[in-house]
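# Results of the structural survey
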Amino acid sequence: MMPQDRLADGWMKKEIRILMLEDITADAALIRAALRAGGLVFRVKRVETKQRFLYELAHRPPDLILTDAGLAGFSGFGALAIAQRKCPDIPFVFVAGTAGVDVMIDSLRNGAMGYVLKRRLAVNLAPVVRRALNEVRSRRHPGPGRGWLQPCRNRTVNPPSAGIGKLNSIGRLRTSA
């Protein structure tokens, strides 16, 4: 391996499989351009409907999910809820046109690993994607001194009666229903 084969944060130039839930073709092109400009090597499968989203999760699980918050007929929050149930170890990042602080906080509280405004794609998207992928990778394969969370996974964080939840396999909080 040559030094130029590593990204600045240590990620190999491995093709990242991205499932993109986006209903606007021009926005999908902007997202791809921002990822490319950020030095990421990737393959995107773009879907626009809940049915296609479910199909891709079941048949071709991605390394990362990117979704718009406001889609016609299917919400990004609906996609997040499905992803949390079906594939909680896959990082989920919102890419949205607008958002209030409450929406951003709710997305992170519900399991998203990032929220990027479309007007800031060029600056923020690639770093958020790298951080999400690195976080998942370090939780799956902790190095020396990084395994502090390992004994806690899938154990109750607070008593079940408190309704707080459990940590999933990558250490994200799963809320109890």
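One structure accompanies this document, and this report is about it. (Residues numbered from 1 in each chain as written. Predicted model: local features only at pLDDT ≥ 70, side-chain atom pairs only at ≥ 80, totals over all residues. Heavy atoms only, no water.)

## Quick word on the sheet that holds strand S3 (residues 64-67)
- Within the open sheet, the five strands sit side by side as S2-S1-S3-S4-S5. Their pairing is parallel. On the outer flanks of this sheet lie strand S2 (42-47) and strand S5 (114-117), each paired with one strand and no other. Here the average twist between neighbouring strands, direction ignored, is 20 degrees.
- Bridge analysis of strand S4 (residues 92-96) against S5 gives four bridges, and the strand direction is parallel. Note on S5: the bridge partner recorded for Ala 96 is Leu 117.
- Across the sheet, helix H1 (residues 25-37) lies against strand S1 (16-21), S2, S3 and S4, angled at about 165 degrees from S2, the strand it touches most.
- Lying over the sheet, helix H4 (residues 101-109) contacts S4 and S5, oriented at roughly 150 degrees with respect to S5. (Pairing = 2+ DSSP bridges. Helix = DSSP H or I, 4+ residues; strand = E, 2+ residues; numbered from the N terminus. Axes fitted to C-alpha atoms, helices over the stretch in contact; angles between N-to-C directions. Contact = heavy atoms within 4.5 Å.)

## Details of the pattern of salt bridges
- Across all of its chains, the model carries eleven salt bridges by this definition.
- Close ionic contact of Glu 15 with Arg 43 constitutes a salt bridge, the shortest N to O distance being 3.0 Å. Taken together, the residues span a long stretch of sequence, with Glu 15 in the segment before S1 and Arg 43 in strand S2 at a distance of 28 residues.
- Classification of Arg 43 as partly exposed rests on a relative accessible area of 45%.
- In this structure, Asp 106 engages Arg 109 in a salt bridge whose closest nitrogen and oxygen atoms are separated by 3.7 Å. Taken together, the residues span about one helical turn, with Asp 106 and Arg 109 both in helix H4 at a distance of three residues.
- Its relative accessible area of 58% is what places Arg 109 among the exposed residues.
- Among the charged side chains, a salt-bridge network with shared partners connects Glu 22, Asp 27, Asp 68 and Lys 118. (Salt bridge = Lys/Arg side-chain N within 4 Å of Asp/Glu carboxyl O. Buried < 20%, exposed > 50% of the residue type's maximum accessible area, 1.4 Å probe, protein only.)

## Some words on the packing of helix H2 (residues 50-59) against helix H3 (residues 76-86)
- Interhelical geometry of H2 versus H3 gives an angle of 20 degrees and a closest axis separation of 11 Å. In terms of their interaxial angle, H2 and H3 are classed as roughly parallel. Seen from above, H2 lies across H3 with right-handed handedness. On H3, the residues touching Lys 50, Phe 53, Leu 54 and Leu 57 of H2 are Ala 79, Ile 82 and Lys 86. (Parallel < 35°, antiparallel > 145°, perpendicular 65-115°, else oblique. Left-handed = near helix turned anticlockwise from the far one by under 90°.)

## As for the pairing of S2
- With six bridges connecting them, S1 and S2 associate as parallel partners. Its bridge partner being in S2, Leu 19 is matched across the sheet by Lys 45.
- The handedness of the S1 to S2 crossover, carried by H1, is right-handed. (Right-handed = clockwise from strand over helix to strand, strands pointing away.)

## What about the nonpolar core?
- In this structure, Ile 18, Ile 31, Leu 35, Leu 66, Leu 125 and Val 129 are the most contacted members of the largest nonpolar core, which totals 24 residues.
- A per-element tally of this core places helix H5 (residues 121-140) first, with eight residues.
- If sequence neighbours within four positions are ignored, Leu 125 has contacts with Ile 31, Ala 34, Leu 35, Leu 66, Val 95, Val 116 and Arg 120.
- One finds Phe 53, Ala 69, Ala 83 and Leu 117 within the second-largest nonpolar core, a separate group that totals 21 residues. (Core = buried A, V, L, I, M, F, W, Y, C linked by side-chain atoms within 4.5 Å.)

## Notes on the packing of aromatic side chains
- What the rule picks out here adds up to four aromatic pairs.
- With a centroid separation of 5.3 Å and an interplanar angle of 65 degrees, the aromatic rings of Phe 92 and Phe 94 are classed as edge-to-face. Of the two residues examined, Phe 92 and Phe 94, each falls in the buried class.
- What links up through ring pairs into an aromatic cluster is the set Phe 77, Phe 92, Phe 94 and Tyr 115. (Phe/Tyr/Trp six-rings, centres within 6.5 Å; stacked < 30°, edge-to-face > 60°.)

## Concerning the side chain of Asp 63
- Assignment of secondary structure puts Asp 63 in the loop between H2 and S3.
- Of note is the side chain of Asp 63, whose polar atom sits 3.5 Å from the side chain of Lys 14.
- When near neighbours in sequence (up to four residues on either side) are disregarded, Asp 63 contacts Lys 14, Glu 15, Ile 16, Arg 17, Ile 90, Pro 91 and Leu 133. (Polar contact = N/O pair within 3.5 Å; in protein donor to acceptor, adjacent residues only side chain to side chain.)

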